[in-house]
Each structure stands twice: as C-alpha cells, then as structure tokens.
Amino acid sequence: KRAFRCLGIETSCDETGVAVYELGRGLLAQALHSQAAVHARYGGVVPELASRDHVRRLPALVRQALAEAGLSPSGLDGVAYTAGPGLIGALLVGAAFGRALAWSLGVPAVAVHHLEGHLLAPLLEPDPPAFPFVALLVSGGHTQLLAVAGVGRYRLLGESRDDAAGEAFDKTAKLLGLGYPGGPALAALADRGRPGRFRFPRPMTDRPGLDFSFSGLKTHALYTLREAGGDEQTRADIACAFQEAVVETLVIKCRRALRATGFRRLVVAGGVGANRALREALDALARAEGVRVHYPRPAFCTDNGAMIALAGCLRLAAGEAAGLEVEARPRWPV
Ligand code: KG4
Ligand code: ZN
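Residues numbered from 1 in each chain as written. Chains lettered and ligands numbered in written order. Predicted model: local features only at pLDDT ≥ 70, side-chain atom pairs only at ≥ 80, totals over all residues. Heavy atoms only, no water.

As recorded by an unreviewed UniProt entry, the protein carries the name tRNA N6-adenosine threonylcarbamoyltransferase and is attributed to Inmirania thermothiophila. Listed in UniProt under the heading Sequence similarities (unreviewed entry), the comment for the protein reads: "Belongs to the KAE1 / TsaD family." (UniProt positions renumbered as here; feature names shortened; annotations may be inferred.)

Here is the structure:
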C-alpha cells in the first residue's frame, strides 16, 4: 500500500502557507510567506491587498514545497485548502487554486476549517496529545474553549462575546503606539513593565461559565494611559498589567473547562499560544491540576500550511468525500 500524501494550502488572512504531510510519516515540507510588510503601513490587514498577494505568492510556494518534499505534483493523493472562516477574497484564492490543482491531478480536494487546523496543530509535534483533550484556541479572530473527542468531534464549551484575545492584544498595542501585528510587540514591552503598578479586571471570571469578553480591557488600557500619562515606563507597566489580566483570565477558564470535562490534557493553539507569559501560567496550572499541556511550536501556533495539510490528511483518510465545488465561507462555526 502506497503512502498517502496531502498538500495543504492556507490563505485565510495574511499568511500564504503551503505544506506536504504524509500519513504515518509526518511533515515532508512547508513554505510560508508572511504579508506583514504589505499591511504594516495600514496598521492592519487590508483584505484586497491580502487577496492579491496570495495570488502572487501561491504558485511559487507550492512549487517550493513540492521540491522540498522531493515530489512531483503526481506524488500527491489529495489537496486540502482552508475554506473558512476568514477574509472571503483571500479564502477564494486558496480554495480556487487548491480545487483546480486537485481536479487536474485527479485527486480529492478537502475544504478544511481554519480553527480545526489550529486545534490539531499539536499533532504535528513529536509527542502528540491523545484524545480527548480540552483545546484553548486563542488567535487574532477567535477565542474559544472546545472539548475535542477526536478528529471532527468538537464541542464548543465557551467563546468570546466580543474581541478575540489576539485582537485585544493588537488593539491595545496600537493604543500604546506599537506597530502591527501588535501581540508580540506588546509582549516584549510587557517584559520591561513593573508588575503590580496597575491592576486590570479579569472579565467574566466572577460568574460561572466559559465565555470570555476582552473588549473592556483595551478601554481600560486607554483610560489608564490617559490618567497616568504615556512615558515609556508607564506604557510598559500598562502592557504588563494588560497581559497579566488576559493571561489570568484564560488560565481561570481553562481550569474550569478541565474540571468540567474531567479531561487530563489541555491543548493550546492559535497565535496568542506563542505568548511566553501565557505558556508559563498554563504550565503552572497543569502542574497544579496534574494534567498535561501541549503546545505546537510557535511557528505552528500562527497561521501555516502544515496544520491544514495535517487536518486534510486525517479527513481524507477518514473517508471524507469532496465534490467539485469550491468552498469558501467567511463565517463558519467549528
Ligand atoms: O492564529 P493567528 O496567526 O491568526 C489568526 O488566525 O488570527 O493569530 C494571530 C494573533 C495576532 O492577534 C497576534 O498579535 C497574536 O496572535 N500573537 C500574539 C503573540 N504572537 C502572536 N499575542 C500575544 N503574544 C504573542 N507572543
Ligand atoms: Zn489562524
């Protein structure tokens, strides 16, 4: 029986990601192009520019990933593309390209949910988590807690009612005069802050439930900045207090989700999962609760093609049939 290899294509936002995954063997190759430089001067992702850049980059990235895997296109058994949620124009680039490539090769194409890609990303690591697990998904577009019983078996436990955690990082970073994307810059500024000078609220932790609300934290940051002034040390202290509030809020809800499900494993995925303070706090939680916590490496926390190739491989191997339609859904519940 020959190997099963799937090409993964990710174009939902501002990264063009391509990878080849082989069942039972792992990742064979990956290629990524970040559009950060394209959008930086606008302070956020410009959808039309994102679509155009995906069109420009995708063919060369696919060629590069195939060459790195030592494969010709006919060595592929399937093509997975991110079908949503995300920017519709950006999604359509990857969806149309992936569908057409699959058709020309006579192999199936599979439409992958972007968040499924994120939450399965820890399976790309050498010591993958066994099912079931609680997944904390913290990206620029989403903040969710999910009970994951297996591939395709996801139950939403709670989610943000307003801003996603990454969005709150990005907006607060902008207030503090930091560039885009703001998450990593805010985290770096927070390292120079003095803990304890300011205390931000821990939204929605004073009542039961697993939902989040992060939009108030950026408002809190704005008022604190107005009152305390914007000198370098004060801005660092605000960044520190903001990050501490987001981290502690996430930790409290993860603890609740672990206790409510009785699961012994926690998986952290999405761009904010790269945050060092969050990782340290979740490591401490895991020790205290006697559970294991799994993180993808930072490059697999943010958007990438590898997680899409993996999710596509698992879905195709499970016998998922795909038609000839091109699927792209800007909104798509997990
Ligand atoms: O998962 P991702 O790459 O894209 C989405 O699907 O949204 O997540 C991007 C988000 C951005 O909001 C970015 O600021 C945030 O993740 N982020 C971080 C860090 N690295 C990326 N936030 C806090 N600390 C970090 N180290
Ligand atoms: Zn993402």
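How would you explain the coordination of the zinc ion (ligand 2) if you had to name every residue and give the values?
Protein-derived ligands of the zinc ion (ligand 2) are His114 (NE2), His118 (NE2) and Asp303 (OD), with the metal-ligand distances lying across 2.0 to 2.1 Å. If you look at the zinc ion (ligand 2), its 4 donor atoms make angles of 93 to 141 degrees with each other, and the shape they trace is irregular. Taken in chain order, the donor set of the zinc ion (ligand 2) reads H-x3-H-x184-D. Placement of both His114 and His118 in helix α4 (residues 114-120) is noted, with a separation of 4 residues, approximately one turn of the helix. When its relative accessible area of 1% is taken as the criterion, His118 is described as buried. (Donors = N, O, S within 2.8 Å, 3.2 Å for Na, K, Ca; no water. Tetrahedral: all angles 85-135°; square planar, octahedral: opposite > 155°, others 65-115°. Helix = DSSP H or I, 4+ residues; strand = E, 2+ residues; numbered from the N terminus. Buried < 20%, exposed > 50% of the residue type's maximum accessible area, 1.4 Å probe, protein only.)

Give a description of the layout of surface pockets that names residues and reports values.
If a probe as big as a water molecule is rolled over the atoms, it shows which places are left empty. The calculated volume of the largest pocket comes to roughly 1,200 Å³. Ser139, Gly140, Asp170, Tyr180 and Pro181 are the residues nearest the centre of the largest pocket, which is lined by 40 residues in total. Taken together, the elements giving at least two residues each to the lining of the largest pocket come down to β3 (26-34), α4, α5 (165-175) and α6 (182-191). At 6 residues, the largest contribution of residues to the lining of the largest pocket is made by α5. Of the residues belonging to the lining of the largest pocket, the class tally is 15 nonpolar, 18 polar and 7 charged. Taken as a whole, the second largest pocket spans an internal volume of roughly 300 Å³. Around the second largest pocket sit 13 residues that line it, and Pro85, His142, Pro330, Arg331 and Trp332 are the ones nearest its centre. Tallied by class, residues from the lining of the second largest pocket come to 7 nonpolar, 4 polar and 2 charged. (1 Å grid on protein atoms, 1.4 Å probe; cavity = no way out; pocket = protein on both sides within 12 Å on 5 of 7 lines; lining within 4 Å. Points joined across faces, edges and corners; volume = space filled by probe spheres on them. Nonpolar A, V, L, I, M, F, W, Y, C, P; charged D, E, K, R; others polar.)

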